[in-house]
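# Secondary and tertiary structure notes
One letter stands for each residue in the lines below.
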Amino acid sequence: MKIFLILNDECKPYEIEAGETLLQVLRREGYFGAKSGGCQHGECGACAVLLDGQPINSCTILAAQADGHRIETIEKLGEHPDHGWKQSAGLHTIQDAFIETGAIQCGYCTPAMILAAKALLDHEPNPTEDQARDAISGVLCRCTGYVKPVEAVLRAAAYLRGEAVGQKDDAPGPVNFTNGWSTVGKSEVKVDAYKLVQGKPAFTADIEPRGMLHAKVLYSPYAHARITHIDATRARALPGVAAVLTWQDLPRVVFSTAGQSDPIPGPLDTFSLDHKVRFVGDRVAFVAAETLEIAQQALKLIDVEYEPLPAILDSSKSMLPGAPTIHDEPEFVNFADSNPARNLAAEIRIDIGNVDKGFAEADQIFEAEYEVPKVQQAHIEPHVVITYWDEDDRLVIRTSTQVPFHVRRVLAPVLGLEVKRIRVIKPRVGGGFGGKQEILIEDVAAHLTIATGRPVKFEYSREEEFTSSRSRHPMRIRMKTGVKNDGTITANEMYALSDTGAYGCHALTVTGNTGHKSMALYVGDGDYRKSPNIRFYADIVYTNHPPAGAYRGYGVPQGYWPLDRHLEKIANALGLDPIEFRMKNAIRPGELHPFSTAWSEGREPRPEIIHTVGLEECVRKGKAAIGWEEKINNPDWKLLPGKPHLRKGLGVALVMQGTAIPYLDMGGASIKINDDGSFNLLVGATDLGTGSDTVLAQMAAEVLGVPIEDIITLSSDTDLTPFDVGAYASSTTYISGAAVVKAAEKVADRIRERAAKLLSNGSSQYSRHEIKLAARKAIAPDGKSVTLKEVAYNSLHHEDQEQIMGTASYYSPSSPPPFAAQFAEVTVDIETGQVTVDRLVMAVDGGVIVNPITAAGQVEGGMMQALGYAVCEEMMYDDQGRPREKNLVDYHIFRANEMPQLEAIFVDTYEPTHPFGVKAVAEIPMDGAAPAIGNAVFHACGVNVDINPITPERVWRALQEIQQS
Amino acid sequence: MITQYHRPKSLEQALDIYQRNPEVVRFLTGGISRLRESQIPFEVIDLQDSGLKDIRRENHQFQVGGCTTLSEIKKAEVAKIYPDIVRIIDQDLPLNNQNSVTLSDYLFEADGRSPLSTALCALDAKVSLFPGDESVSLVEWFKNREADATCIIREVALSDEYVLQFSSVGRSPLDRPILCVAMGSYSNQWRIAVGGYGIQPVLVYQGDRLQDGILRAQEVCGTWKDEWASSEYRQAVVAVLINRFAK
């Protein structure tokens, strides 16, 4: 049928199918700003466009319904300010405001947010913050915490009112160590901002090869079953079906889906397809068809007979005698102490000092049990991959991944190809948070491309993200702490029972971090400080739940919930100031990381000194920001006039993370000069929205003496960029950044060498050591200079020609921990148990902050995810192992108009093991919010909730217990 | 699969198209979520131009057309008389969906955890369906909603003489409630509807003795145990919320 759309002010006819959604038509016509994969029922808002001036989700209406209506997409708003000879109108004011405020992280939801802002500002020139929040509330963002998008809306409004709007202030950040630097330490505009505010086709699903097939997967309805019979004859006969693959069609290659370095520090227990299924949502068969609808239809035509097996849905029963064996396959490959006969994916036994002696010396011993839930990364762009054979018959895997090089290495044997026959391209990634540190779906599309010879796209639906993806490991944790009456910790013990689900991906390493990063923070005081007594034991067991995996924080949030809640109880029991108690026992600069002598993810441990600890300053700044002194012992503050059922409370948690994995994580960088004195920076590091492309470019620019816009960053493509382990373990700024600095120094050295020659003449002779690079010039001590463009022309065209370039890589013997103090202010309804989080303040010691606005965005977004972990996010299963959460309604993530006030603060430290003094900031925001909120609930109403999330009923029950006792 | 799209200019035209072959025709009143359930090829009749977007107030009644979107309701006079409606709708659906989901769509898809449907039950809303012209109370209609799956809601009528109070408990301010209570009061008469469970909200009480309403609400919630909350919790907290209304 033919319809007329007034699309971006142009009325044009479009030939459509009656059943096509507006989103399908827009994307087919090249309007990629409306994103297609975030959800299927309009919960996420990433596909929003304006219909007659109002934001609507284009996936929820038919294109035919829009016939005769006015549609605005992001493509209408503006364009890059430099289009060569053609004059450009430049970006729209709202796009500028989003760039200037740092409102863009992964950028997947950015076009929708900008359009929502436009809808508001078209009729409300002077909006309040609440109006700005409401306006963008139809668009879910998992990255930003909405702080900067709201700032952007208000800033755009000011622009549009014609007000003078000043330079955007840097977020509060360190100044002591960045004096004299031109770009490091400055809130530079993100290098990817322009494409993202324009909604350019940057993401995996935005480009589709001709002849592409669509993949779907048949999933198990059983938690544990053997496939006794499978017949795909009827499905294969369906017109439009190109291939159906079952376990009978594929080579049986065991592997791990964890995207980690070799050797994978965990068991190999997974097959692309198997004759056994181990959770509801496990794979049974793959289909490739001409359309998604045909593929879905074909799934129903695959005949499968199952023999249901007893399932384990309670991790405490996994290792009981007689428990069903989840992994009985002979191909299973153990790692370290894994033992499939006991359903044990990994085991950790770490003893530091003499723990039993420490307990014997304690005046009091405190013991308690805690629980943390299974939660989802919920990146708005789902897992998505497109595979195809290129003209050289090499398999190209274009995928939204955090680990392109691991994808290539791990999949090669699974696909029966050599590494050199595979190319992995990582386009823009729409959020990952650890969920894409998994080789989760690439093999599906790759097998189908091998089977059909055709390009194949496979994109998870939101439901598949919940049923068949990865999640944070749920754990049951027992704490035992010995304390002197003066608050000295004499011994500290944690036991974690961790549920890895059906497969052991990340089982050892995630749970290792649970103890490694949390228990290391508190070493005790006095003599105990010199020789702390710490024990961390863990059993990571298989169950028939969906597998857990990597999620931002990587096991550490699971550790801080029990540890910090436990310390709060001890401080209260001993009548100690909770902050002083923590600080008395916390690790200090110059001390040994206690776990570095005992454990290193299954590798040989190597002692490591912690050089910088900014915790005291974090506490000081955080206390001042939240008003700790005025509130904590003020009974009047806790009461709200006219609201006798409400109580205010304040809580704190201190946390530390890691920065990369020492002696393991490695990043590479390559830099070359261009004719105009600009540089190509090629990195294998993977920007998921974190801003790593930007901070790496800033470091290169600083060394090379150019503005950041002269650095053209490409990340990452296994054919073009150097190796990098990928984006995880908070390693990119530190590890890949050091590689960039090394590569840039090599390039800078060559430039100085040539510049010295160019500048030298009879009377003046210079050595390369005297030449400085700044302001796009090579400058001699007497002020004489040549431009980098002149150096580039000289080297590329004129004299002793060479390509000035440098390649370097870096791995580190150190893993310098960032530290943070997380504060929370809450209001508790003591009659219903409902907790409202009013405010979160986080003061972070992340070393030198390369880009304060970007880093602040990381902290704000991390706090928002941690807030969900604290109060509302939880994945539950019934007694058949079927999930409760399948969409972003039941799995609630915070919207813009329900957020508490967020504040990120940075403190000054200079980490001596990095050329620019950096540590990490990306993961630590996940660690402290939940315990800080739990502690605030205790401060408000005197109840301890030991299971998170802190739901109304859990608080209510704790209140009931107090009343009854 | 949708084979044909119609956009009639009136309900009469819509009815003509419908009656030609009612077996293969579905009405469309906003979003397409109701259409997704169909497995067989069908035609759609889009009612966006059929005159169902009015909100009128006459004889102490609001008449809200079934194709009125939730965001239009938020901006209408009905939200001035019942200001809590704005917050209730915000809790129910994100803004972008409020702009496309109509009252008809909403009520067909509402479940027990839907705040607006709970509020409308407390306000003694009545619905009239199309095709047809029968008007029934929303509370009664919810009980047999599936029988009308091929229909749409032509209009919702509600009195402007109530005082509406609404309260809910959830994991976050805008999470779907695990318990919500709406109370419409008028001349010492109380209508108490409770939501947060099951496939539809429940009108638990109508009368002039608030304490009886509380007891009845507790009795109903005493059976409401699911994966979101226990019956014990709901039973205790529903009394708290209603008592707060009384204060």
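This text goes with the structure placed above it.
Each value, and the rule that gives it
Residues numbered from 1 in each chain as written. Chains lettered and ligands numbered in written order. Predicted model: local features only at pLDDT ≥ 70, side-chain atom pairs only at ≥ 80, totals over all residues. Heavy atoms only, no water. Helix = DSSP H or I, 4+ residues; strand = E, 2+ residues; numbered from the N terminus. Rg over C-alpha atoms; globule rule 2.2 N^0.38 Å. Buried < 20%, exposed > 50% of the residue type's maximum accessible area, 1.4 Å probe, protein only. Contact = heavy atoms within 4.5 Å. Areas by Shrake-Rupley, 256 points an atom, 1.4 Å probe, with all protein chains shown as cover. Lys, Arg positive; Asp, Glu negative; His and termini not counted. Charge placed at Lys NZ, Arg CZ, Asp CG, Glu CD. Core = buried A, V, L, I, M, F, W, Y, C linked by side-chain atoms within 4.5 Å. 1 Å grid on protein atoms, 1.4 Å probe; cavity = no way out; pocket = protein on both sides within 12 Å on 5 of 7 lines; lining within 4 Å. Points joined across faces, edges and corners; volume = space filled by probe spheres on them. Nonpolar A, V, L, I, M, F, W, Y, C, P; charged D, E, K, R; others polar. Polar contact = N/O pair within 3.5 Å; in protein donor to acceptor, adjacent residues only side chain to side chain. Salt bridge = Lys/Arg side-chain N within 4 Å of Asp/Glu carboxyl O. Expected span 1.5 Å × (residues − 1). Phe/Tyr/Trp six-rings, centres within 6.5 Å; stacked < 30°, edge-to-face > 60°. Lys NZ or Arg CZ within 6 Å of the ring centre and 35° of its normal.

Our next topic: the overall build of chain A. Check the secondary structure of chain A and you find 24 helices and 32 strands. In terms of C-alpha radius of gyration, chain A reaches 28 Å, essentially the compact-globule figure of 30 Å for 965 residues. Reported as C-alpha extents along the three principal axes, the dimensions of chain A are approximately 85 × 80 × 60 Å. Classification of the 965 residues of chain A by burial places 66% in the buried group. Long-range pairs, those at least 24 residues apart, make up 78% of the contacts in chain A between residues at least 6 apart in sequence. Element-wise, carbon and sulfur atoms account for 49% of the exposed surface of chain A, whose accessible area totals about 31600 Å². Positive and negative charge centroids in chain A, built from 94 and 125 side chains respectively, lie 1 Å apart.

Let us now look at the nonpolar core. Residue and element names in this part refer to chain A. Counting 172 residues, the largest nonpolar core has Phe98, Tyr146, Leu521, Ile933 and Val937 as its most contacted members. The element contributing the most residues to this core is helix α22 (residues 852-871), with ten residues. The residues contacting isoleucine 933, other than those within four sequence positions of it, are Ala824, Val826, Val837, Leu840, Leu867, Ala870, Val871 and Ile950. Membership of the second largest hydrophobic core comes to 51 residues, among which are Ala697, Ala700, Ile711 and Val747.

All names here are of chain A. Going through the model one piece at a time under the given rule, you end up with nine cavities of 30 Å³ or more. The computed volume of the largest cavity comes to approximately 190 Å³. Thr270, Asp282, Arg283, Arg470 and Tyr503 are the residues nearest the centre of the largest cavity, which is lined by 21 residues in total. Per-class residue counts for the lining of the largest cavity are ten nonpolar, five polar and six charged. Per-class residue counts for the lining of the second largest cavity are nine nonpolar, no polar and no charged.

With that settled, consider the side chain of A:Asn851. Residue and element names in this part refer to chain A. Secondary-structure assignment places asparagine 851 in the loop between β31 (835-845) and α22. Here the side chain of asparagine 851 touches glutamine 698 through a polar contact of 3.0 Å, side chain to side chain. The residues contacting asparagine 851, other than those within four sequence positions of it, are Lys186, Ser187, Glu188, Thr694, Val695 and Gln698.

Before going further, it helps to spend a moment on the pattern of salt bridges. Residues and elements named next belong to chain A. Taken as a whole and assessed by the stated rule, the structure comprises 86 salt bridges over all chains. A salt bridge links glutamate 418 to lysine 420, with the nearest nitrogen and oxygen atoms 3.8 Å apart. The shortest N-O distance in the salt bridge between aspartate 717 and arginine 423 comes to 2.6 Å. Residue aspartate 717 is found in the loop between β25 (711-714) and α20 (732-759), and its partner arginine 423 is found in strand β16 (residues 422-425); the two are separated by 294 residues along the sequence. For arginine 423, a relative accessible area of 21% corresponds to the partly exposed category. Several salt bridges converge on common partners, so that one network encompasses Asp9, Arg70, Glu72, Lys76, Lys118 and Asp122.

We now examine the environment of A:Pro239. Along the chain, A:Pro239 turns up in the loop between α7 (233-237) and β8 (241-245). Note: C-alpha distance between A:Pro239 and A:Ile294 (55 residues apart in sequence) is 8.1 Å.

The subject of this paragraph is helix α23 (residues 929-941) of chain A. A rise of 1.5 Å per residue sets the reference length of α23(A), with its 13 residues, at 18 Å; its end C-alpha atoms lie 18 Å apart and thus fit the reference within 8%. Of all 13 residues in α23(A), 13 are buried, a share of seventy percent or more.

Bringing the packing of aromatic side chains into the picture now. Counted under the stated rule, the structure contains 16 aromatic pairs over all chains. Their ring planes at 15° and their centres at 5.1 Å tell us that B:Tyr197 and B:Trp224 sit as a pair that is stacked. Highlighted residues: B:Tyr197 in the loop between β11 (189-195) and β12 (202-207) and B:Trp224 in the loop between α9 (210-221) and α10 (231-246), separated in sequence by 27 residues. The class of B:Tyr197 is partly exposed, set by a relative accessible area of 23%. Here the aromatic residues B:Tyr18, B:Phe27 and B:Phe130 are joined through ring pairs into a cluster of three or more. Stacked on the ring of A:Trp561, the Lys or Arg A:Arg565 has its end atom at 6.0 Å from the ring centre.

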